[in-house]
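An overview of the molecular structure
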Amino acid sequence: MSDFLFKRMTLIGIGLLGSSIALAARQKGLVEHIAIHTRSQATLARAEELSLGDSYHKDVTDSVKDADLVIVCTPVGACEAVAKAIAPYLAEGAIVTDVGSVKASIIRQMQPYLPKTVHFIPGHPIAGTEQSGPDSGFAELFINRWCILTPPEGTDAAAVDKLAQFWTVLGSNVETMDANHHDHVLAITSHLPHLIAYNIVGTASDLEMVTNSEVIKYSAGGFRDSTRLAASDPTMWRDVFLHNKEATLEMLGRFTEDLTALQRAIRWGDGDTLYELFSRTRSIRRSIIDAGQEVDASDFGRHIVEGGETRAEQLKSDDHKDTGS
């Protein structure tokens with residue numbers, strides 16, 4: 001692109017999402033200058049070693065000066081403090097957004113402190129892995145994934161369109177949604193599955209009749225997938241549950257009721273009920289595959305990388321490149 005969509009993008013936080021945004025935005029030529037802030041000097045130094053930005057700032061107020069796009073990539077619980085700190089230094093007309101998986105709380109935390117001269121557009125790219133830190137980012141993270149924007153009432157439509165264009169160029173499908181509705185949707189599709197995964201792995205580690213070595217040695221596919229979710233960043237997910245409390249508890253109550261019904265069916269030997277549920281839920285998996293959010297592979301497509309190569313094929317190809325073959 002000859003014309004940059006944004007002149008200066010500031011990333012506050014440089015973990016998986018922040019580093020992936022930096023790499024993707026650079027690859028697509030979307031921004032002229034990338035400014036990076038994080039509280040950890042070691043993390044900031046690592047981001048510089050990886051050349052993720054153009055300038056690196058220990059002082060958050062310095063990082064946002066003259067920025068026309070500010071993306072807050074911190075855990076949800078830190079967003080209020082960030083808004084208070086940066087508010088006096090934001091340029092008029094700047095777009096301020098975030099990447100948190102909770103939206104109503106983000107609006108409550110940030111909107112009261114941000115000046116009316118900026119465009120506040122909360123966002124949630126539904127993309128990620130269990131990895132964290134600046135080394136975990138990759139430019140392809142957002143390809144064919146959804147990014148939900150939850151602009152408060154009265155937000156400038158042109159600013160929303162510009163931010164939507166940014167995410168679209170990064171590869172995302174963009175949709176706008178009411179913040180409270182977003183939180184209910186994500187409570188069942190993301191937050192509850194993570195909570196269950198944390199609990200399953202925790203229960204396994206607490207079983208006195210099964211040793212930890214047996215849990216690891218004899219892990220079946222279902223448990224292995226649970227450990228992948230349970231390996232996610234603990235600070236981020238602690239904040240998600242504390243800041244989406246009502247929706248999560250509502251979905252957890254419904255889940256508990258349904259789990260009790262399953263427990264009853266097993267106890268009574270009600271095979272018809274079990275079969276009906278398993279058949280109905282199996283179709284959900286097919287719908288996710290058909291929607292392009294997953295592939296029909298025995299390892300859930302995790303071996304596939306861009307271009308259809310397997311991870312092993314890509315590594316082999318990279319080895320040949322390194323040796324000049």
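Report on the accompanying structure. (Residues numbered from 1 in each chain as written. Predicted model: local features only at pLDDT ≥ 70, side-chain atom pairs only at ≥ 80, totals over all residues. Heavy atoms only, no water.)

**Some thoughts on helix α1 (residues 16-28)**
Definition in use: Only runs of H or I of at least four residues qualify as helices and only runs of E of at least two qualify as strands under DSSP, and these elements are numbered from the N terminus. Expected span of a helix, by definition, is 1.5 Å for each gap between consecutive residues, and there is one gap fewer than residues. Should any heavy atoms of two residues lie within 4.5 Å, those residues are considered in contact.
With 13 residues, α1 ought to run about 18 Å at 1.5 Å a step, and its terminal C-alpha atoms sit 18 Å apart, in line with that. The elements touched by buried residues of α1 are β1 (6-12), β2 (31-37), β4 (69-72) and α6 (157-169). Following α1 by one or two positions, Gly29 has its phi on the positive side, about 65 degrees.

**Quick notes on the packing of helix α7 (residues 179-206) against helix α11 (residues 245-267)**
Using the following cut-off: Orientation is described by lines fitted to C-alpha atoms, with helices fitted over the stretch in contact, and by angles between N-to-C directions that extend from 0 to 180 degrees. Under this scheme an angle from 65 to 115 degrees is roughly perpendicular, one under 35 degrees roughly parallel, and one over 145 degrees roughly antiparallel; angles in between are oblique. Helix crossings are classified by the rotation of the near helix relative to the far one: an anticlockwise turn of less than a right angle makes the crossing left-handed, while a clockwise turn makes it right-handed. For this scheme, ten residues count as nonpolar: Ala, Val, Leu, Ile, Met, Phe, Trp, Tyr, Cys and Pro. Four count as charged, namely Asp, Glu, Lys and Arg, and the remainder, Gly too, count as polar.
At their nearest, the axes of α7 and α11 sit 9 Å apart, and the two run at 65 degrees to each other. One finds that α7 runs roughly perpendicular with respect to α11. Pair α7 / α11 crosses with right-handed handedness. Taking contact as the criterion, the partners of Asp183, His184, Ala187, Ile188, His191, Leu192, Leu195 and Ile196 in α7 are, on α11, Ala247, Thr248, Glu250, Met251, Leu252 and Phe255. Across the contact of α7 with α11, the residue classes break down as nine nonpolar, three polar and two charged.

**Brief notes about the environment of Val96**
Inspection of the secondary structure assignment puts Val96 in strand β5 (residues 95-98). With near-sequence residues (within four places) excluded, Val96 lies in contact with Val70, Leu90, Met110, Leu114, Val118, His119, Phe120 and Ile121.

**Comments concerning the sheet that holds strand β7 (residues 123-125)**
This is how the line gets drawn: Here, strands pair whenever DSSP counts at least two bridges between them.
A sheet is described by the order of its strands in space; here three strands give the open sequence β7-β8-β9, paired in mixed fashion. Each edge of the open sheet carries a strand with a single partner, namely β7 and β9 (173-176). Mean inter-strand twist for the sheet, computed between neighbouring axes without regard to direction, equals 15 degrees. In the sheet, β7 pairs with strand β8 (residues 146-149) via three bridges, with the strands oriented antiparallel. Its bridge partner being in β8, Pro125 is matched across the sheet by Cys147. Against the sheet, α6 engages β7, β8 and β9, with an angle of about 165 degrees to β8.

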